[in-house]
Amino acid sequence: MIAESERPEHALKKTLGPVSLTALGIGAVIGSGIFTVIGTAIGGNPSKTATWAASPIIDLILHHGAVAGRPGAGPALAISLVLVAIVCALTGLCYAELASMIPIAGSAYTYTYATLGELIAWIIGWDLILEYAFSNMSVSVGFAAHIVDLLDWLNIHLDPKWLSPAYLPLGLQDLAGKDIFPAGWHFGFDFPAFVVVLLLTVVLVRGIRESARTNNIMVLVKTVAILVFIFFGISFIHPANYHPFSPNGFSGVLAGGSIIFFTYIGFDSVSTASEECKNPRRDVPIGIIATLIVCTILYIGVAAVLTGMVPWASVAGDGAPVVNALKRVSLQPGGGRLHWVRLVVLLGAIVGMISSILVFQLGQARVWFAMSRDRLLPDVFSKLHPRYRTPAFATWFAGILVAVPSGLFDVGTFAEMSNIGTLFAFVLVSIGVIVLRAKDPKRHRGFRVPFGPIIPILSTLFCILLMAGLPAITWVRFFVWLIIGLFVYVFYSRKRSEFYRS
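A brief structural summary. Throughout, a residue's number is its position along its own chain's written sequence, starting from 1. In keeping with the predicted nature of the model, local features appear solely for residues at pLDDT of at least 70, side-chain atom pairs appear and are counted solely at 80 or more, and the whole-chain, interface and lining totals rest on all residues. As a rule here, side-chain values come from all non-hydrogen atoms in the structure, and water together with hydrogens is ignored.

Some points on the overall build of the chain
Numbering goes from the N terminus for both helices and strands, where a helix is a DSSP run of H or I of at least four residues and a strand is a run of E of at least two. Helix and strand counts for the chain come out as 17 helices and 6 strands. Only protein chains enter the accessibility calculation, which uses a 1.4 Å probe. A residue is then buried if its area is under 20% of the maximum for its type, exposed if over 50%, and partly exposed in between. Considering the chain as a whole, with its 502 residues, one finds that 61% of them fall into the buried category. Expressed as a percentage of contacts within the chain between residues at least 6 apart in sequence, the contacts between residues at least 24 apart total 82%. As displayed, the chain offers around 18700 Å² of accessible surface, 71% of which is attributable to carbon and sulfur atoms. Should any heavy atoms of two residues lie within 4.5 Å, those residues are considered in contact. The accessible surface values rely on the Shrake-Rupley method and a 1.4 Å probe; as for residues, cover is taken only from the protein chains in view.

Concerning the nonpolar core
Formed by 128 residues in total, the largest nonpolar core has its most connected members in I30, Y109, F229 and Y299. Among the elements that line this core, the one with the most residues is helix α6 (residues 118-153), at 19 residues. Every residue in contact with I30, bar those within four places of it in the chain, is listed here: K222, I226, C295, L298, Y299, G352 and S356. By nonpolar core is meant a set of buried Ala, Val, Leu, Ile, Met, Phe, Trp, Tyr and Cys residues that side-chain atoms within 4.5 Å join together.

Details of helix α7 (residues 191-206)
With 16 residues, α7 extends 24 Å between its outermost C-alpha atoms, agreeing within 8% with the 22 Å of an ideal straight helix rising 1.5 Å per residue. Of the residues making up α7, those classed as buried are P192, A193, V196, V197, L200, T201, L204 and V205. Here a helix's expected span is defined as the number of its residues, less one, multiplied by 1.5 Å.

Comments concerning the pattern of salt bridges
Definition used for salt bridges: Asp or Glu carboxyl oxygen within 4 Å of a side-chain nitrogen of Lys or Arg. Applying the stated rule across the entire model yields 5 salt bridges. Notably, a salt bridge pairs R342 with D149, separated by 3.5 Å at the nearest N-O pair. Of this pair, R342 sits in helix α13 (residues 338-373) while D149 sits in helix α6, placing them 193 residues apart in sequence. Residue classification places R342 among the buried positions, given a relative accessible area of 4%. With relative accessibility at 7%, the residue D149 sits in the buried group.

Section: unusual backbone geometry
Backbone phi values are negative for most residues with the exception of glycine, while trans is the configuration of most peptide bonds. The peptide bond linking H243 to P244 adopts the cis configuration, its omega dihedral lying at -5 degrees. Structurally, the position occupied by P244 is in the loop between α8 (208-233) and α9 (249-260). The phi dihedral of N155 falls on the positive side, at around 60 degrees, and the residue is not glycine. As for its position among the elements, N155 is in the loop between α6 and β3 (167-168). One non-glycine residue, F451, lies in positive phi territory at about 65 degrees. Examined against the element boundaries, F451 turns out to sit in the loop between α15 (411-439) and α16 (454-467). Owing to a relative accessible area of 63%, F451 belongs among the exposed residues under this scheme.

Points about the packing of aromatic side chains
The geometry of an aromatic ring pair is captured by the separation of the ring centres together with the interplanar angle, meaning the angle of the planes. Ring pairs are drawn from Phe, Tyr and Trp, using the six-membered ring of Trp, whenever the two centres fall within 6.5 Å, and their geometry is named by plane angle: stacked under 30 degrees, edge-to-face over 60, tilted for the rest. In this structure the tally under the stated criterion is 16 aromatic pairs. With a centroid separation of 4.9 Å and 20 degrees between ring planes, the pair formed by W368 and F381 is classed as stacked. You can see W368 sitting in helix α13 and its partner F381 sitting in the loop between α13 and α14 (392-406), a full 13 residues away along the chain. An identical accessibility class is assigned to W368 and F381; each is buried. Ring geometry for F487 and F491: centres 6.0 Å apart, planes at 15 degrees, overall stacked. Taken together, the positions of F487 and F491, both in helix α17 (residues 472-496) and 4 residues apart, correspond to about one turn of that helix. With respect to class, F487 is no different from F491; both count as exposed. Through successive ring pairs, a cluster of aromatic residues spans W122, W126, W481 and Y489.

A few points about the packing of α6 against α7
Only the stretch in contact is used when fitting a helix axis, every axis being a line fitted to C-alpha atoms; angles between N-to-C directions are given from 0 to 180 degrees. Relative to each other, α6 and α7 sit at 120 degrees, their axes nearing to 8 Å. Between α6 and α7, the angle falls in the class oblique. Read as a crossing pair, α6 and α7 show a hand that is right-handed. Here S140, V141, F143, A144 and I147 of α6 come into contact with α7, specifically with P192, A193, V196 and V197. A class-by-class count of the residues in the contact of α6 with α7 yields 8 nonpolar, 1 polar and no charged. Oblique is the label for any angle not under 35 degrees, not over 145, and not in the 65 to 115 range, which are roughly parallel, roughly antiparallel and roughly perpendicular in turn. By convention the crossing between two helices is left-handed if the near helix lies anticlockwise of the far one by an angle smaller than a right angle, and right-handed if it lies clockwise. All residues other than Ala, Val, Leu, Ile, Met, Phe, Trp, Tyr, Cys, Pro, Asp, Glu, Lys and Arg, Gly among them, are scored as polar; the first ten of these are nonpolar and the last four charged.

Next comes the structure, spelled out in structure tokens:
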């Protein structure tokens, strides 16, 4: 596999170091969740009726029946984030070991191909396509919501039908609670979400070095914005908002962790760029661990301040919970100084969204590229641009695949689908470490997971637990996607494989 990746027609430029890798990881993690999905993780996805489809799997098992929607974590999201950070640290160590051994584009797909074989690799590659696509759709919708907030700050009011998704399961309300659109479908299209994906696709086609430099600047800007929010928001915390601290008990904590989990796949994006690293055996583990440490600290800070500023239930279904919380508080007595803080956070959030989309699109295109290079997808996906040496067709295809649905659906639906794909990928990566230890124990490892198989086993079990916090309908959609993928593999990809014998 390594020899194949070094052939001139397939070789990618090696331009990234540990700082750029860490910034790529932070760029993916900080933005998608901390400004957008954190609202639905705190407030849940409430429903007036109890249905099995909308109920988390763990609730169906423990309560022996359906519950009304997915519960939110409330202020206890801080505990959810600690749980998620532990799981990510365990999985991140597994990623680091495999990335130091197999420094090739494709992330979990590539690692599974080398350890568990082609069929399982196809399943995880097909899953990664789902994961990255839905992650970016979710972030794109959040970006559009922040653009609407920026226009509002500038006192510019455009027709909301062209600034919001066509499907809104909770409807769309103004700050006074009045309906702008009822729940369900309405005539419209989220143009900001659509346009930003296509513009960043152009940037990615031009090259990884330019993309990384752009990302480094954006990471600095949005980190400053987060620190400004935490610093000014602390003085507006009302302790009463922390009661009850865990309104939905452990079920809410688990569901909150399950929904926020996908935002942590920034370290997965670090490993997708390993083939473009100068020294992947050293730099990839550094980038993964540094990403997790920085992002966990920032996430917990934002969650604690946000749930202290406004009632936790008020952020349910909000695509821009942080800046909208600032707007609510700024209209209260003594909150005038938050007017300018809101602008700073808004600009940082918008930059954060752009950075996340950039990195997720980078990761998705590299998965298409890696699968094509292994002849499991058409050859056109692994063709490089003659000038920029990037997988141009794969990048454009991934861009269009994400841009169109981003204009149609809401953030909650996208986040749930992305999470189950992410967790499934993490399970197979953790198993891959154990398998490769048994199959090839003498191969040099630039980084080795400590404590033998204990950490990969714990990583597998915790990821399965978090998957149980997702709604049943998400599992159904996921299995439908995998079944479609198996049909594609059996009737197309398997016959193109280098291992195929008729």
